[in-house]
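One-letter residues, chain by chain:
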Amino acid sequence: RSQSLKSQITALDAQISRMTIRAPFTGRLGIYAQSVGDLMQTGDVLTSLTGTGDLRWVDFKVPQGVARMAVGDRVRLLSIDDEELGEADVIAVSDALAVGTRAYDVRAEVLGSGLRHGELVQVELRTGAARSVVRIPNRAVRWDRDGSLAFALSPAEPGAFKPWRASTRRVRILDERDGMVLVDGELKAGDLVASEGAFKLDEQALVDVLGGAGLEVGAGDRREAADSMTEGGAGQ
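Per the secondary structure count, the protein chain includes 1 helix and 17 strands. When the 236 residues of the protein chain are sorted by exposure, 29% land in the buried category. Contacts in the protein chain between residues far apart in sequence, at least 24 positions, make up 64% of those at least 6 positions apart. Of the roughly 15700 Å² that the protein chain leaves accessible, carbon and sulfur atoms contribute 51%.

What follows covers a nonpolar patch on the surface. A grouping of Ile 21, Met 40 and Leu 46 is seen on the molecular surface, where their side chains present a nonpolar patch of about 270 Å² in accessible area. In this structure, Met 40 sits in the loop between β1 (27–29) and β2 (49–51). Classification of Met 40 by relative accessible area gives partly exposed; the value is 33%.

In this section: the confidence of the model for the protein chain. The pLDDT averaged across the protein chain works out to 82; a share of 88% of its residues lies at or above 70. Across residues 218–230 the pLDDT falls below 50, and counting only partners more than four positions away or on other chains, this stretch makes 50 contacts in the model.

Applying the stated criterion across every chain, the model contains 12 salt bridges. The residue Asp 105 makes a salt bridge to Lys 61 at a minimum N-O spacing of 2.5 Å. Of this pair, Asp 105 sits in strand β6 (residues 103–111) while Lys 61 sits in strand β3 (residues 55–63); the two residues are 44 residues apart in sequence, bridging distant segments of the chain. On the basis of relative accessible area, Lys 61 is assigned to the partly exposed category, the value being 42%. Among the ionic pairs, Glu 87 bridges to Arg 74, the shortest N-O distance being 3.1 Å. Of this pair, Glu 87 sits in strand β5 (residues 84–93) while Arg 74 sits in strand β4 (residues 74–78); the two residues are 13 residues apart in sequence, bridging distant segments of the chain. The partly exposed category is assigned to Arg 74, whose relative accessible area is 44%. Residues participating in the shared-partner salt-bridge network are Arg 74, Glu 87 and Asp 89.

Quick look at the pairing of strand β11 (residues 164–177) now. For a regular strand, side-chain orientation follows a simple rule: the groups alternate between the two sheet faces. Here 7 bridges tie strand β10 (residues 147–155) to β11, and the two strands are oriented antiparallel to one another. Counterpart to Ala 152 in the pairing with β11 is Ser 167. Bridging between β11 and strand β14 (residues 206–207) involves 2 bridges; their strand directions are antiparallel. Across the sheet, the residue bridging to Trp 164 is Val 207, located in β14. With 6 bridges joining them, β11 and strand β12 (residues 180–185) adopt antiparallel strand pairing. Following the sheet pairing, Arg 177 is matched in β12 by Met 180. A loop of 2 residues connects β11 with β12, the two strands running antiparallel in sequence, and Asp 178 in this loop sits at a positive phi of about 55°.

Glancing now at the environment of Ala 156. Tracing the sequence through the fold places Ala 156 in the loop between β10 and β11. Separated by 10 residues in the primary sequence, Ala 156 and Ala 166 place their C-alpha atoms 8.8 Å from one another. Beyond its immediate chain neighbours, meaning those up to four positions away, Ala 156 contacts Lys 162, Pro 163, Trp 164, Arg 165 and Leu 206.

The next point concerns the environment of Ser 195. Relative to the assigned elements, Ser 195 resides in the loop between β13 (192–194) and β14. Note: C-alpha distance between Ser 195 and Arg 142 (53 residues apart in sequence) is 9.9 Å.

Here we take up the environment of Val 93. Within the element layout of this structure, Val 93 appears in strand β5. When its relative accessible area of 24% is taken as the criterion, Val 93 is described as partly exposed. Remark: the alpha-carbon pair of Val 93 and Val 71, spanning 22 residues in sequence, is separated by 6.6 Å. Ignoring sequence-local partners within four residues, the contact set of Val 93 consists of Met 69, Ala 70, Val 71, Tyr 104, Asp 105 and Val 106.

Glancing now at unusual backbone geometry. The backbone of Asp 82 sits at a positive phi, close to 65°, despite the residue not being glycine. Following the sequence through the fold, Asp 82 ends up in the loop between β4 and β5. According to the relative accessible area criterion, Asp 82 is exposed, its value standing at 54%. Look at Arg 102: it is not a glycine, yet its phi comes out positive at around 55°. By the element assignment, Arg 102 lies in the loop between β5 and β6.

Quick notes on the rules
- Residues numbered from 1 in each chain as written.
- Predicted model: local features only at pLDDT ≥ 70, side-chain atom pairs only at ≥ 80, totals over all residues.
- Heavy atoms only, no water.
- Helix = DSSP H or I, 4+ residues; strand = E, 2+ residues; numbered from the N terminus.
- Buried < 20%, exposed > 50% of the residue type's maximum accessible area, 1.4 Å probe, protein only.
- Contact = heavy atoms within 4.5 Å.
- Areas by Shrake-Rupley, 256 points an atom, 1.4 Å probe, with all protein chains shown as cover.
- Patch = residues over 30% accessible without salt bridge, like charges linked within 9 Å, V, L, I, M, F, W, Y side chains within 5 Å.
- Salt bridge = Lys/Arg side-chain N within 4 Å of Asp/Glu carboxyl O.
- pLDDT = per-residue confidence, 0-100.
- Pairing = 2+ DSSP bridges.

Okay, structure coming up:
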């Protein structure tokens, strides 16, 4: 009989242990509605548990054909208000595309971003190879029937009644931010570009350069051929 009682005690201890819920990691409990003594059913959600560390995972989907992501790639994070949040490192890439969306899952991690768990963010990723581009004021870009252009200024020939001569350079606008545009095309670093008054110029026009009317194109920036934005959620 003693052995039978011991077996019953062991069985009761096992049942009681299954009623004890232990957190799988150190974290903070979310809001809960239960009170002591409430009867819970199998599958009931008690509360949420979020980690207290600074590391966050950002999960997002990349449509087929947009970009080929790989572990170790870096993506840029922005808030839904376009506030810069920093960069995240890709730590996992799904091998399969979803049947309905033809997109694959990507997970990136970021440290110390201040993201809340479940926060919606924008993810900017590379969609092309890097190349050199130049930055010029948006007022330096003009248009004609063949597209966008800028006027480069070069020293005029001896005896000309003005010191500079304008010539067109075909450009392609890649991005525009804060009054400046990133372009590629026929401009190169070191070119003197007409800015103020560029709308008055024609091909081979002779001009004077006054204060602020011309701008030397700086060294080419390294920039991706294109960027793609997608949305992701933060958590761990």
